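One-letter residues, chain by chain:
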Amino acid sequence: MEKSIRKDPYEAPDYYLLDELLTDEHKLIRSTTRDWVKKEVSPIIEDFAQRAEFPKQLIKGLGEIGAFGPTIPIEYGGAGLDYTAYGIIMQEIERGDSGIRSTASVQGSLVMYPIYAYGTEQQRKKYLPKLATGELMGCFGLTEPDHGSNPGGMTTNIKDMGSHYLLNGAKMWISNAPFADIAVVWAKDEAGKIRGLIVERGMKGFSTPETQGKWSLRASATGELVFDNVEIPKENIFPDITGLKGPLGCLNQARYGIAWGALGVAMDCYDTALRYSKERIQFGRPIAGFQLQQKKLAEMITEITKGQLLVWRLGVLKSQNRASVEQISMAKRNSVEVAIEIARNARQMLGGMGITGDYSIMRHMMNLESVVTYEGTHDIHLLITGMDITGINAFK
Ligand code: TGC
Ligand code: FAD
């Protein structure tokens with residue numbers, strides 16, 4: 001059987017004619033992003049993932065297709081698009097690789113968004129246009145070695161020294177950290193209030209050691225942020241936002257993108273398994289003709305279709321500023337769960353070929369182990385839903 005992934009014959013499933021719910025602009029954005037992923041990501045991503053290296057050459061193209069800050073207004077270099085368009089872009093990029101979507105999510109939702117939403121006009125003008133093109137790359141430091149699901153317990157801190165702030169502490173598991181030019185960092189002030197600030201590479205006492213040995217998200221660079229008496233100019237702090245709602249407000253944006261993105265992974269795995277099963281002959285007939293394989297495929301397309309409807313509706317609500325944080329949690333959790341289940345079944349449908357890098361499924365499967373953990377774990381999102389429907393907090 002011909003090995004097909006490097007040619008990337010991907011065709012997206014649309015079982016319920018959901019294209020009719022999209023505008024012409026949405027469809028154009030989708031085809032532009034899909035073409036870019038087929039041309040630039042698919043041919044190289046497996047090799048980069050095998051080598052555990054981030055393909056830096058993709059940064060410029062990500063900027064050109066509007067993947068950095070799609071909803072940020074045009075005057076600051078963003079694309080000024082609605083949330084459905086943003087979701088579609090994340091879906092298409094993650095269909096190629098979760099690590100590349102991570103790079104785009106962090107840049108747009110976790111770096112550009114807080115600078116736009118919480119920053120001063122001077123900060124917006126200084127950073128946003130260059131972040132939109134990828135001339136500057138950013139990362140987002142919330143998680144610490146001892147505070148992951150419970151970021152409110154963070155110990156990274158700032159002291160007001162009069163002319164500047166002094167930043168101390170460490171962040172862990174930070175996407176893009178090893179090559180980022182700037183970091184949006186969350187730290188407690190002397191009153192114990194969480195504040196956001198912009199740290200620039202080159203500031204004395206700031207380092208970003210790379211995390212080695214990941215079996216997941218291998219084409220994404222992850223690292224630590226270490227702050228040893230870093231002097232932060234006063235103009236680098238976000239002036240008004242305080243408390244956990246600052247960083248969590250950014251996470252709403254990124255979690256929304258993942259809800260679409262993980263479904264992209266599910267669609268890629270389904271498409272690969274469907275094509276393979278129609279071509280692979282065993283016992284004298286295509287394996288797609290066996291009931292057990294049809295059950296897997298039928299269940300995959302059913303879950304994909306339900307997920308597509310959920311994220312489409314969430315996109316409409318988000319564009320109208322009516323999406324609740326709990327609705328976003330439900331969609332992030334559901335899409336990742338659907339994708340994990342589909343990736344596992346799709347991998348089995350490819351038999352031995354499924355474990356190789358000739359197909360995208362095994363890489364997707366491993367990536368999803370990060371996606372199910374970051375931006376709030378599967379458990380945390382379930383507890384958010386649980387608290388919303390019962391009114392009872394089961395976190396603490
Ligand atoms: P809690 O007392 O519930 O809330 C504290 C304050 O925050 C507000 N809030 C939110 N605001 C905006 N958006 C949300 N989603 C919010 N959730 C809560 C809340 O109203 C309150 O405001 P105020 O004004 O009363 O102070 O906080 P808690 O300490 O009990 O924690 C709640 C919990 C567990 C849900 C939250 O901390 C959480 O979501 N934990 C998960 C942590 C997480 O998601 N970390 C992600 C790190 S970044 C990352 O993973 C990037 S990966 C990037 C990539 O590569 O794609
Ligand atoms: P823990 O919080 O220690 O959780 C361990 C387990 O306990 C989980 O199963 C969790 O669900 C469970 N648990 C925790 N609390 C409860 C509870 N109350 N009830 C029930 N179960 C509970 N962070 C950033 O700030 N920026 C980034 O760019 C970033 N990128 C990342 C990239 C990768 C590849 C990875 C793996 C992580 C990244 N993260 C990033 C960190 C990520 O957000 C955290 O890993 C995540 O929030 C979970 O924190 P933790 O790993 O400390 O796990």
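Residues numbered from 1 in each chain as written. Chains lettered and ligands numbered in written order. Predicted model: local features only at pLDDT ≥ 70, side-chain atom pairs only at ≥ 80, totals over all residues. Heavy atoms only, no water.

1. Description of the state of the cysteines
Part 1 of the argument: As enumerated under the stated definition, the model contains zero disulfides in all.
Part 2 of the argument: Counting only cysteine sulfurs, cysteine 250 is the nearest neighbor of cysteine 139, a cysteine outside any disulfide, at a range of 13 Å.
Part 3 of the argument: For cysteine 139, a relative accessible area of 1% gives the class buried. (Disulfide = S-S within 2.5 Å. Buried < 20%, exposed > 50% of the residue type's maximum accessible area, 1.4 Å probe, protein only.)

2. A short note on the pattern of salt bridges
Part 1 of the argument: Counted under the stated rule, the structure contains 19 salt bridges.
Part 2 of the argument: Two residues, glutamate 369 and arginine 344, come together in a salt bridge whose shortest N-O distance is 3.1 Å. Linking glutamate 369 in helix α9 (residues 361–371) with arginine 344 in helix α8 (residues 325–349), this pair joins segments that are 25 residues apart in sequence.
Part 3 of the argument: Taken together, the salt bridges that share partners define one network made up of Asp8, Arg95 and Asp268. (Salt bridge = Lys/Arg side-chain N within 4 Å of Asp/Glu carboxyl O. Helix = DSSP H or I, 4+ residues; strand = E, 2+ residues; numbered from the N terminus.)

3. Re the site of ligand 2
Part 1 of the argument: Neighbouring ligand 2 are 17 residues; Thr143, Ser149, Trp173, Thr377 and Asp379 lie closest to it.
Part 2 of the argument: One of the backbone nitrogen or oxygen atoms of phenylalanine 140 is found 2.9 Å away from a nitrogen atom of ligand 2.
Part 3 of the argument: Residue leucine 142 places a main-chain N or O atom 3.0 Å away from an oxygen atom belonging to ligand 2.
Part 4 of the argument: Compared with its free state, where it exposes 970 Å², ligand 2 has 68% of that area covered by protein.
Part 5 of the argument: Of the pockets mapped on this structure, ligand 2 occupies the largest pocket.
Part 6 of the argument: At the level of elements, β3 (164–175) and α10 (378–390) are the ones that each hand at least two residues to the shell around ligand 2.
Part 7 of the argument: Split into classes, the residues belonging to the shell around ligand 2 amount to eight nonpolar, seven polar and two charged.
Part 8 of the argument: Lining the shell around ligand 2 are residues from two domains, each supplying at least three of them: domain 2 (138–236) and domain 3 (245–390). (Near = heavy atom within 4 Å. Polar contact = N/O pair within 3.5 Å; in protein donor to acceptor, adjacent residues only side chain to side chain. Areas by Shrake-Rupley, 256 points an atom, 1.4 Å probe, with all protein chains shown as cover. 1 Å grid on protein atoms, 1.4 Å probe; cavity = no way out; pocket = protein on both sides within 12 Å on 5 of 7 lines; lining within 4 Å. Sits in = over half its atoms within 2 Å of the grid points. Nonpolar A, V, L, I, M, F, W, Y, C, P; charged D, E, K, R; others polar. Domains from an automatic or database assignment.)

4. Observations concerning the domain arrangement of the protein
Part 1 of the argument: According to the domain assignment, the protein contains domain 1 (18–133), domain 2 (138–236) and domain 3 (245–390).
Part 2 of the argument: Inter-centroid distance (C-alpha atoms) of domain 1 to domain 3 is 19 Å.
Part 3 of the argument: Counting residues at the interface gives 29 residues for domain 1 and 33 residues for domain 3.
Part 4 of the argument: For the pair domain 1 and domain 3, the summed buried area comes to about 2,500 Å², and 61% of that belongs to carbon and sulfur atoms.
Part 5 of the argument: Connecting domain 1 to domain 3 are three salt bridges.
Part 6 of the argument: Across the domain 1-domain 3 interface, the total number found is 14 residue pairs in polar contact (both at pLDDT 80 or more).
Part 7 of the argument: Counting only elements with at least two residues in the side of domain 1 that touches domain 3, the list comes to α1 (24–50), α3 (83–96) and α4 (98–118). (Contact = heavy atoms within 4.5 Å. Buried area = accessible area lost by both parts, 1.4 Å probe.)

5. Re the environment of isoleucine 44
Part 1 of the argument: For isoleucine 44, the position within the fold is in helix α1.
Part 2 of the argument: Taking the C-alpha atoms as reference points, isoleucine 44 and isoleucine 384, separated by 340 residues in sequence, lie 38 Å from one another.
Part 3 of the argument: In this structure isoleucine 44 touches Pro55, Gln57 and Leu58, once residues within four positions along its chain are discounted.

6. Regarding the layout of surface pockets
Part 1 of the argument: Looking at the largest pocket, its volume works out to about 1,200 Å³.
Part 2 of the argument: What lines the largest pocket is a set of 40 residues, and nearest its centre among them are Gly148, Leu251, Arg255, Glu375 and Gly376.
Part 3 of the argument: Contributing elements (two or more residues each) for the lining of the largest pocket: α4, β3, α6 (245–279), α8 and α10.
Part 4 of the argument: Element by element, the count of residues in the lining of the largest pocket is highest for α4, at five residues.
Part 5 of the argument: Of the residues assigned to the lining of the largest pocket, the class counts are 17 nonpolar, 17 polar and six charged.
Part 6 of the argument: Its volume calculated, the second largest pocket comes out at about 250 Å³.
Part 7 of the argument: Around the second largest pocket sit 16 residues that line it, and Asp19, Leu22, Arg30, Gln91 and Gln308 are the ones nearest its centre.
Part 8 of the argument: Only α1, α3, α6 and α7 (291–319) provide two or more residues apiece to the lining of the second largest pocket.
Part 9 of the argument: Class assignment of the residues belonging to the lining of the second largest pocket gives a composition of ten nonpolar, two polar and four charged. (Points joined across faces, edges and corners; volume = space filled by probe spheres on them.)

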